[in-house]
Amino acid sequence: MIKPVVWKNRNRNGLEKMAIKKADIEAVAVKPEQYPEENLLEVAFAGRSNVGKSSLLNLLTNRKKLAKISGSPGKTRTINFYRINDAFRIVDLPGYGYAKISKIESAKWGKMIETYLENRPNLVKVAQLIDIRHKPTAEDRQMYSYLQYYGLDGLVVATKADKVSRNEREKSIKQIRETLKLSLDDIVIPVSALKRTGQDELIEVLEQLTETDSE
Ligand SMILES: Nc1nc2c(ncn2[C@@H]2O[C@H](COP(=O)(O)OP(=O)(O)OP(=O)(O)O)[C@@H](O)[C@H]2O)c(=O)[nH]1
Ligand SMILES: [Mg+2]
């Protein structure tokens, strides 16, 4: 059973700092037969190509090369399952919205992502990543509506926070909230893989989401 997460009343000051002590790649999949067992809860990372999904995974796990990153979009082309602390999984998805890949390739990835999102009972949440410098695109909005439809929405990560000033950061978060029509309960966490900031808050959320009752 998943415990309800009360976003609004969380008191961060009183919580211990969480840490990811163990992280291993468990499966690389393009179809359901290749997914790992449904025995652990999963949170997936979705977002445009190059937004920083793989970098975020490395930041959270404190590993430089666990997930491969690249300056050119379209690096992650498979669904990659990472087992975290033997307690839950983070799933790194291929990015969408990369203009330079063929329509056929793009449709193939879209289908691959959809198949995963629609048929995974142990998937509890999808963190939607948005580059803090850019207003969410039509595709981002489409993706977010899709997540809403499946009840996987409510968690947005604003990446590359180091690229804007503090003042701009607040403005960008407001713009993200407005464009995606987030509710007050939805959360937006700014992170920077470069400056190594924001990861503690996100780890805390991931641990709450994937906490299981052992009673
Ligand atoms: N300045 C800055 N650059 C970042 C940050 N996170 C990622 N990048 C850079 O953005 C580029 C893309 O990062 P990836 O992590 O590969 O992005 P991705 O979303 O996994 O991309 P795909 O696998 O193509 O979908 C790389 O050049 C990273 O170094 C960040 O927090 N700050
Ligand atoms: Mg990637």
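You'll find the structure just up there.
Residue positions are given per chain, counted from 1 along the sequence in the order it is written. Chains and ligands are labelled sequentially in the order written, the chains with letters from A and the ligands with numbers from 1. Only residues with pLDDT of at least 70 get local features here, since the model is predicted, and only at 80 or more are side-chain atom pairs given and counted; chain-wide, interface and lining totals rely on the full set of residues.

**Some remarks on the overall build of the protein chain**
Thought 1: Tallying secondary structure elements over the protein chain gives five helices and seven strands in all.
Thought 2: Starting at the N terminus, the α and β elements of the protein chain follow one another as β-β-α-β-β-α-β-α-β-α-β-α. Helix numbers and strand numbers start at the N terminus; a helix is a DSSP run of H or I with at least 4 residues, a strand a run of E with at least 2.

**Section: helix H5 (residues 199-210)**
Thought 1: Helix span, expected: 1.5 Å multiplied by one less than the number of residues in the helix. Given a rise of 1.5 Å per residue, 12 residues ought to cover 16 Å, and the 16 Å separating the end C-alpha atoms of H5 matches this to within 8%.
Thought 2: Our exposure labels follow a C-beta count within 10 Å of each residue's own C-beta, placed from the backbone: buried means 20 or more other C-beta atoms, exposed means 12 or fewer, and partly exposed covers the counts in between. Listing the buried residues of H5 in full gives Gln 199, Leu 202, Val 205, Leu 206 and Thr 210. The arc enclosing the buried residues of H5, seen along the axis, measures out at 125 degrees, which places them on a common side.
Thought 3: Packed against the buried residues of H5 are strand S2 (42-47), helix H1 (53-61), strand S4 (88-92), strand S5 (123-131), strand S6 (155-159) and strand S7 (187-190). For this quantity, the arc is that covered by the directions from the helix axis to the C-beta atoms. Residue pairs are scored as contacts if the distance between their C-beta atoms, which are placed from the backbone, is within 7 Å.

**As for the site of ligand 1**
Thought 1: Residue proximity rests on one test: whether the C-beta atom, placed from the backbone, lies within 6 Å of the molecule or strand. The local shell around ligand 1 holds 24 residues, among which Gly 52, Ser 54, Ser 55, Thr 76 and Gly 95 are the closest.
Thought 2: It is H1 that contributes the most residues to the shell around ligand 1, three residues altogether.
Thought 3: In this count, Pro and Cys sit with the nonpolar residues alongside Ala, Val, Leu, Ile, Met, Phe, Trp and Tyr, while Asp, Glu, Lys and Arg are called charged and the others, Gly among them, polar. Its residues placed into classes, the shell around ligand 1 shows six nonpolar, 13 polar and five charged.

**Focus on the environment of Arg 177**
Thought 1: Mapped onto the secondary structure, Arg 177 falls in helix H4 (residues 166-179).
Thought 2: As a C-alpha pair, Arg 177 and Ile 187 span 10 residues in sequence and 9.0 Å in three-dimensional space.
Thought 3: Beyond its immediate chain neighbours, meaning those up to four positions away, Arg 177 contacts Leu 182 and Val 188.

**A few points about helix H3 (residues 138-149)**
Thought 1: Across its 12 residues, H3 extends 17 Å between first and last C-alpha, which sits within 8% of the 16 Å expected from 1.5 Å per residue.
Thought 2: By the burial criterion, the buried members of H3 are Asp 140, Met 143, Tyr 144 and Leu 147. Down the axis of H3, the sector holding all buried residues measures 100 degrees, keeping them to one side. For H3, exposure combined with an orientation more than 90 degrees from the buried face picks out Ala 138, Ser 145 and Tyr 149.
Thought 3: Close packing links the buried residues of H3 with S2 and S5.

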